[in-house]
Amino acid sequence: MSTSGDTTGSGYQVMVVVHRAMVRDVLQISDAARALADRPDPVQAKALCRYGDRVFQLIAHHHEVEDEVFWPMLRSRGAPVETIELMTTEHDELAGLLERARELLADAQRGEDSFAALAEVGLALHQALLTHTADEERELAGRLKPVLGDQEWKVLEREMVRSAPKWTLGFMPPWMASAARPEERKALPAAPIALLMRGSLRRQRRLAFGTRA
């Protein structure tokens, strides 16, 4: 599971919080899908499809930027090839699960009975994410740490923001803050937006997850 590492810098802190939010939400999506398979609720179903698709988009985008920008940059700095291969191999596994989960959400949006299947795929995605985030955080704080500095973290942050869908500008800050511990919040970007949009995120999560939010 994601843990904090107060000696590895703010970039690492942000990564840990993002991982925690991903892992939390994927499990909640799976749980909500299972509940909807047993007790259909059109209002919650619509909200879950919208929120779930956003979370799956965020995860896919996060991994794409790492694969296209972050890992090649660290490899050019001398990062061990076996570490980079581990990260990209795990991303490939996750990409297949994410694609299937988004297909099932699209089916549900069209009114098809796909929530039971989504619950199972979501659970598999959750387990794969648990493994991957633990591996990535271990490597970032271990074998990759010698090639990581403020410049590398800033490159990653800039590319994440530059290439992200526009809707993430108001979604990501409160989403990250919702998963952060008090001592981690000072490392998070866009604190004013997180505060401003906190209520909107809470409403989205409450509609999607009900009492599980």
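Please refer to the structure placed before this passage.
K.L.:
Which parts of the structure should I look at to understand the overall build of the protein chain?
P.N.:
Of the regular secondary structure elements, the protein chain holds seven helices and zero strands. Ordered by position from the N terminus, the helices and strands of the protein chain form the series α-α-α-α-α-α-α. Compactness check: the protein chain gives a C-alpha radius of gyration of 17 Å against a globular reference of 17 Å for 213 residues, within 12% of the reference. The principal-axis extents of the C-alpha atoms in the protein chain amount to approximately 50 × 35 × 30 Å. Buried positions account for 49% of the 213 residues belonging to the protein chain. Taking the intrachain contacts of the protein chain between residues at least 6 apart in sequence as the baseline, contacts between residues at least 24 apart amount to 79%. With an accessible surface of roughly 10400 Å², the protein chain has 55% of that area assigned to carbon and sulfur atoms.

K.L.:
I keep staring at the environment of Gly96 and nothing clicks. Help me out?
P.N.:
With respect to the helices and strands, the residue Gly96 is situated in helix α3 (residues 81-109). In this structure, the C-alpha to C-alpha distance between Gly96 and Pro192, residues 96 residues apart in sequence, is 36 Å.

K.L.:
I tried to follow the nonpolar core on my own but got confused; where do I start?
P.N.:
Considering soluble globular proteins, one finds that nonpolar side chains tend to be buried as a cluster. Counting 43 residues, the largest nonpolar core has Leu48, Phe56, Phe115 and Trp175 as its most contacted members. Leave out the neighbours within four places in its chain, and Phe56 touches Val26, Ile29, Leu98, Ala101, Arg102, Leu105, Leu118 and Leu125. Among the nonpolar cores identified, the runner-up in size contains 19 residues, and Trp71, Ile84, Met87 and Leu156 belong to it.

K.L.:
Would you mind showing me how to read unusual backbone geometry here?
P.N.:
The bulk of non-glycine residues show a negative phi, and the bulk of peptide bonds are trans. Look at Ala190: it is not a glycine, yet its phi comes out positive at around 60°. With a relative accessible area of 32%, Ala190 lands in the partly exposed category.

K.L.:
Quick question: what am I supposed to make of the packing of helix α1 (residues 10-38) against helix α7 (residues 191-209) here?
P.N.:
In a pair of packed helices, the angle between the axes and the distance between the axes together describe the arrangement. At a minimum axis distance of 9 Å, the contact between α1 and α7 shows a crossing angle of 35°. For the pair formed by α1 and α7, the contact residues are Arg24, Asp25, Gln28, Ile29 and Ala32 on the first element and Arg205, Ala208 and Phe209 on the second. The class makeup of the residues in the contact of α1 with α7 is four nonpolar, one polar and three charged.

Cut-offs and rules
Residues numbered from 1 in each chain as written. Predicted model: local features only at pLDDT ≥ 70, side-chain atom pairs only at ≥ 80, totals over all residues. Heavy atoms only, no water. Helix = DSSP H or I, 4+ residues; strand = E, 2+ residues; numbered from the N terminus. Rg over C-alpha atoms; globule rule 2.2 N^0.38 Å. Buried < 20%, exposed > 50% of the residue type's maximum accessible area, 1.4 Å probe, protein only. Contact = heavy atoms within 4.5 Å. Areas by Shrake-Rupley, 256 points an atom, 1.4 Å probe, with all protein chains shown as cover. Core = buried A, V, L, I, M, F, W, Y, C linked by side-chain atoms within 4.5 Å. Axes fitted to C-alpha atoms, helices over the stretch in contact; angles between N-to-C directions. Nonpolar A, V, L, I, M, F, W, Y, C, P; charged D, E, K, R; others polar.

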